[in-house]
Amino acid sequence: MLRDAALVAGKDLRIELRSKVALNQVVPFAAAVLILFGLALGPDRKILAPASAGLFWVATLLSAILAVQRSYAIESADAARDGLRLSGLDPAGIFLGKAAAITAELLVLETGLAVGVVLLYGAHLAGGLVLLATCVVATIGLAAVGTLYGVVASGLRSRETLLPLLFLPIVAPVLLAATKAWKAALAGTPTHALGWLDLLVVFAVLYLAIGTVAYGSLLEDG
Amino acid sequence: MSSPTTVLQPTGAGIGPPQIDRPSPVIRAVGAAAIVGTAVTVWLGLWVTPPDEFMGEQVRLLYMHPPVAWISFLAFGVAACSSALYLWPRTRSRRFDRLAGASAEVGVVFTGLTLASGSIWGRATWGQWWTWDPLLTTTALLFVLYLGYLALRRVPGEFDACARRSAIAALVAFVDVPIVYFSVTWWRSLHQAPSVLNPTTGKTYVHGSMLWTMLLGFVSLTLAYVWLLGHRYRLARFQEIEDSEGLEVALAERRAEAVIA
């Protein structure tokens, strides 16, 4: 299963490295979102800096939708999805591999976003380890839900509108917990983040488990 | 209920409206009981019970708002259970898919009513339409979660595939509910002490005729839920029959016309 996951993750990441769609479209999209938040909340850094944790995670959530859509767009071309089904790979492995690839892409994006909130909003990054741990765990949770709903929505005619509607309410706890954990770390009280980190771990494990079990039958239906 | 094949048939030479069976007596009895119960609740709630010592006339929302909220949680619980039963190979049956869809749809209506009545109550007692109270926030997220589920159900496709992805989506959404509630509660408790204006504290003052009226509200609205569920389930069954047999009926009608001509 893990070998299959590594294969699928490697394939997805190689496609992204070569096609650079994520780099050319998702990263600029995230940057645009950051700038728009700045415009919406005004130039006052006294407002922007405290809000930067929340804005960072909202930007990540919105970009995650694009990353998931991209991840399934590459399967829809040239009947790649049928190829995936015929490949004999373990469906759970395919799920974990796609989730891992989305996690990796989003983590790169979050690095850029973190630089963005420092430069644009004047946030002071503190408690680096907690910030990093939050990013990793929260992103795994986002990727797990995204991969699961991505396969539900892919192949449907209204997938572009359906995916955000399904995805965003489910990941509301991730937004909440990750924002609180970041706020605690930025405020110099990283111990307050630990409870929220636990919540993120529970969320990620739960949806990874559901995805591992359910992915096979969802992939067959497409 | 009669078997699906006898429900929708071409009548006579295939011309004229199809015959549709009537709802079962149980459903009609439940409906009648729900109407009577709700009417009595309204009468007791608006005229018989006294105004509350602290909340005044606003307490009358107590007979309606908690029962409505209870139905939305019950409906989503039923939807999750029937989805699980559909996914379990031994109990897989189209019945559970219909039941899940019907229950979720009724649940969304009641969640909307919960939010509306809660907002009105909040405006009257707290002075604002909305507060980021854990229960309110969870209910609002639940509302959009299940709107997404219903949107997914409405996407056309092969029956088994639709039913399976809907069932999985229902369970994925249901698993999220405790996490949402827990995180939102925690989020608020870190910000401020539990509010004394929490609507549940109103229950401390419930006694006598008020208690009975509220209990009757719970019973009547539960009956109303069962009634609506029964009708929505029936409708779902007719839609399935229409999908599978509608074309044949239409073809038979056209052929009959051709023969006459």
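Calculation rules
Residues numbered from 1 in each chain as written. Chains lettered and ligands numbered in written order. Predicted model: local features only at pLDDT ≥ 70, side-chain atom pairs only at ≥ 80, totals over all residues. Helix = DSSP H or I, 4+ residues; strand = E, 2+ residues; numbered from the N terminus. Buried ≥ 20, exposed ≤ 12 C-beta atoms within 10 Å, placed from the backbone. Contact = placed C-beta atoms within 7 Å. Axes fitted to C-alpha atoms, helices over the stretch in contact; angles between N-to-C directions. Parallel < 35°, antiparallel > 145°, perpendicular 65-115°, else oblique. Left-handed = near helix turned anticlockwise from the far one by under 90°. Core = buried A, V, L, I, M, F, W, Y, C linked by C-beta atoms within 7 Å. pLDDT = per-residue confidence, 0-100. Expected span 1.5 Å × (residues − 1). Nonpolar A, V, L, I, M, F, W, Y, C, P; charged D, E, K, R; others polar.

**Re the overall build of chain B**
Then, in step 1: Along chain B, the regular secondary structure elements total six helices and zero strands.
Then, in step 2: Secondary structure elements of chain B occur, N-terminal to C-terminal, as α-α-α-α-α-α.
Then, in step 3: Relative to its full complement of 261 residues, chain B shows a buried share of 35%.
Then, in step 4: Once local pairs closer than 6 in sequence are excluded, the contacts in chain B between residues at least 24 apart make up 80%.

**A closer look at the interface of chain A and chain B**
Then, in step 1: At the interface, 22 residues of chain A touch 21 residues of chain B.
Then, in step 2: Contributions of two or more residues to the side of chain A that touches chain B are made by α6 (128-153), α7 (159-170), α8 (172-186) and α9 (193-221) of chain A.
Then, in step 3: Among the elements that make up the side of chain A that touches chain B, the one with the highest residue count is α9 of chain A (eight residues).

**Description of the packing of α7 of chain A against helix α4 (residues 134-154) of chain B**
Then, in step 1: Contact geometry for α7 of chain A and α4 of chain B: axes closest at 9 Å, N-to-C directions at 150°. Judged on the interaxial angle alone, α4 of chain B and α7 of chain A are roughly antiparallel. By crossing handedness, the relation of α7 of chain A to α4 of chain B is classed as left-handed. From α7 of chain A, L162, L165, L166, P169 and I170 of chain A reach across to α4 of chain B, where they touch L141, V144, L145, G148, A151 and L152 of chain B.

**Re the nonpolar core**
Then, in step 1: In terms of nonpolar packing, the biggest core is built from 132 residues, with L148, A181 and L200 of chain A together with A170 of chain B touching the most fellow members.
Then, in step 2: With 15 residues, α6 of chain A is the largest single contributor of residues to this core.

**Re the environment of P51 of chain B**
Then, in step 1: Looking at the secondary structure, you find P51 of chain B in the loop between α1 (25-48) and α2 (65-87).
Then, in step 2: Sequence separation between P51 of chain B and M210 of chain B is 159 residues; the distance between their C-alpha atoms is 9.4 Å.

**Comments concerning the confidence of the model for chain B**
Residues and elements named next belong to chain B.
Then, in step 1: In the predicted model, chain B carries a mean pLDDT of 82, and 84% of its residues have values of at least 70.
Then, in step 2: Confidence over residues 1-17 falls short of pLDDT 50; this stretch has 27 contacts with residues more than four positions distant or in other chains.
Then, in step 3: The low-confidence segment residues 190-199 (pLDDT under 50) makes six contacts with residues lying over four places distant or belonging to another chain.

**Overview of unusual backbone geometry**
Residue and element names in this part refer to chain A.
Then, in step 1: The residue K20 is not glycine, and still its phi comes out positive at about 60°.
Then, in step 2: Among the secondary structure elements, K20 is positioned in the loop between α1 (2-19) and α2 (21-41).
Then, in step 3: Residue K20 is classed as exposed on the basis of its 11 C-beta neighbours within 10 Å.

**What to know about α1 of chain B**
Then, in step 1: Under the 1.5 Å per step criterion, the end-to-end length of α1 of chain B is 32 Å for 24 residues, consistent within 8% with the ideal 34 Å.
Then, in step 2: For α1 of chain B, the complete set of buried residues consists of V30, A34, T41 and G45 of chain B.

**A look at the confidence of the model for chain A**
Then, in step 1: Considering every residue of chain A, the mean pLDDT works out to 90; 100% of them sit at 70 or more.
Then, in step 2: Mean pLDDT across the secondary structure elements of chain A bottoms out at helix α4 (residues 80-86) of chain A, with 83, and peaks at helix α5 (residues 91-121) of chain A, with 94.

**Description of α2 of chain A**
Residue and element names in this part refer to chain A.
Then, in step 1: End to end, α2 covers 30 Å across 21 residues, agreeing with the expected 30 Å (1.5 Å per residue, within 8%).
Then, in step 2: Where α2 is buried, its residues contact α1, α3 (45-76) and α5.
Then, in step 3: Looking one or two residues past α2, G42 carries a phi angle of roughly 85°, positive in sign.

**Quick look at the packing of α1 of chain A against α5 of chain A**
Residues and elements named next belong to chain A.
Then, in step 1: Put simply, α1 and α5 touch, their axes get as near as 7 Å, and they point 40° apart. Viewed along their axes, α1 and α5 adopt a mutual orientation that is oblique. The crossing of α1 and α5 is right-handed. Residues L2, D4, A5, A6, L7, V8, A9, D12, L13 and E16 of α1 form the contact with α5, whose own contacting residues are G93, I94, L96, G97, K98, A100, A101, A104 and E105.
Then, in step 2: Residues belonging to the contact of α1 with α5 are distributed by class as follows: twelve nonpolar, two polar and five charged.

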